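Structural overview
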Amino acid sequence: MAGLKIDPMAFRLLQFTLIYTLLLLPWPLANEAASTYLIALGHAVYGGPNDQRELDFEKMATSDYPYGIRIVIVNRSLMKPDGSGPVRNLDLDARGIVIKPLALLIALIAVTPLSWLRRLKALGWCLLWEQFIIIAVLGFSIWSEAAEISLVHLSPFWLQVVHSLREVMVSQLGLSVPILLWLLVVFRRGDERIFKSYLNFSPAKRT
């Protein structure tokens, strides 16, 4: 046992898997907080009526989205005096938008072989940028769905394009976006020396 050596990459991968899996467990309080936060963020940035559009954000639980939110979009010019009229409901998964990217960011940064101070600073900046991205995706989603009730005028072709783009953007919030932020925010020039030393990397040993 004394001569047993643990592959650093395998150890980090095991750490990452454990942290990520633990954070993705269906913790009720965390999931509830995610939907509450997303609703509060939506109200703060996009909520309230304007001259033509009215938005409302509410919690909505379905089999697909146990901790989802529903954005109710109203074209006020199409509403009748009795309050009836066309309404669009945009359903989003708060867990996929908030919990999954947060879990991936924390797991990636936690296993990055840098000082804890740098990791904490990087996590703060990553989370800040993540919020701006969430706001942008929410705005684009609302804009694209508003085309269904004549708040935005798009041809059928472009309507299909923006709906497809919206699906891609929402789906990548929990995967590509955290990885990209990790790469852009965490690392600096010269960090390759840390990784080479950590992994006992030597170009002369390569075949």
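In this text, all values refer to a predicted model and were calculated from it rather than measured experimentally.

What counts and what doesn't
Residues numbered from 1 in each chain as written. Predicted model: local features only at pLDDT ≥ 70, side-chain atom pairs only at ≥ 80, totals over all residues. Heavy atoms only, no water. Helix = DSSP H or I, 4+ residues; strand = E, 2+ residues; numbered from the N terminus. Buried < 20%, exposed > 50% of the residue type's maximum accessible area, 1.4 Å probe, protein only. Contact = heavy atoms within 4.5 Å. Areas by Shrake-Rupley, 256 points an atom, 1.4 Å probe, with all protein chains shown as cover. Axes fitted to C-alpha atoms, helices over the stretch in contact; angles between N-to-C directions. Parallel < 35°, antiparallel > 145°, perpendicular 65-115°, else oblique. Left-handed = near helix turned anticlockwise from the far one by under 90°. Nonpolar A, V, L, I, M, F, W, Y, C, P; charged D, E, K, R; others polar. pLDDT = per-residue confidence, 0-100. Core = buried A, V, L, I, M, F, W, Y, C linked by side-chain atoms within 4.5 Å. Salt bridge = Lys/Arg side-chain N within 4 Å of Asp/Glu carboxyl O.

**Some thoughts on the overall build of the protein chain**
From N to C terminus, the protein chain includes 7 helices and 3 strands. Starting at the N terminus and walking to the C terminus, you meet the elements of the protein chain as α-α-β-β-β-α-α-α-α-α. Among the 207 residues that make up the protein chain, the fraction classed as buried is 36%. Excluding contacts between residues fewer than 6 apart, the proportion of contacts in the protein chain whose partners are at least 24 apart in sequence is 66%. Surface exposure of the protein chain reaches about 12,700 Å², of which carbon and sulfur atoms provide 65%.

**Quick word on the packing of helix α3 (residues 94–110) against helix α6 (residues 176–186)**
Running from N to C, α3 and α6 point in directions that differ by 40 degrees, and their axes come no closer than 9 Å. By the angle class used here, α3 and α6 are oblique. Crossing of α3 against α6: the hand is right-handed. Taken together, the residues of α6 that come into contact with α3 (itself represented by Pro101, Leu104, Leu105, Leu108 and Ile109) are Pro178, Ile179, Leu181, Trp182 and Val186. Its residues assigned to classes, the contact of α3 with α6 shows 10 nonpolar, no polar and no charged.

**A few points about the confidence of the model for the protein chain**
When the pLDDT values of the protein chain are averaged, the result is 86; 89% of them are 70 or greater. Across residues 201–207 the pLDDT falls below 50, and counting only partners more than four positions away or on other chains, this stretch makes 2 contacts in the model.

**Thoughts on the nonpolar core**
Residues Leu38, Ile71 and Ile73 are the most contacted members of the largest nonpolar core, which totals 44 residues. Secondary-structure elements contributing two or more residues to this core are α2 (28–46), β1 (53–60), β2 (68–75), β3 (87–93), α3, α4 (116–146), α5 (156–172) and α6. No other element matches α4, which puts 10 residues into this core. Each residue touching isoleucine 71, except ones within four places of it in the same chain, is listed here: Leu55, Asp56, Phe57, Arg88, Asn89, Leu90, Leu92, Leu138 and Ile142.

**So, the pattern of salt bridges**
One pass over the structure, following the stated rule, counts 4 salt bridges. Between lysine 59 and glutamate 32 there is a salt bridge, with its nearest N and O atoms 2.4 Å apart. With a gap of 27 residues between them, lysine 59 in strand β1 and glutamate 32 in helix α2 connect regions that are remote in the sequence. When its relative accessible area of 43% is taken as the criterion, lysine 59 is described as partly exposed. Judged by its relative accessible area of 34%, glutamate 32 is partly exposed. Between glutamate 145 and arginine 166 there is a salt bridge; the shortest N-O distance is 2.7 Å.

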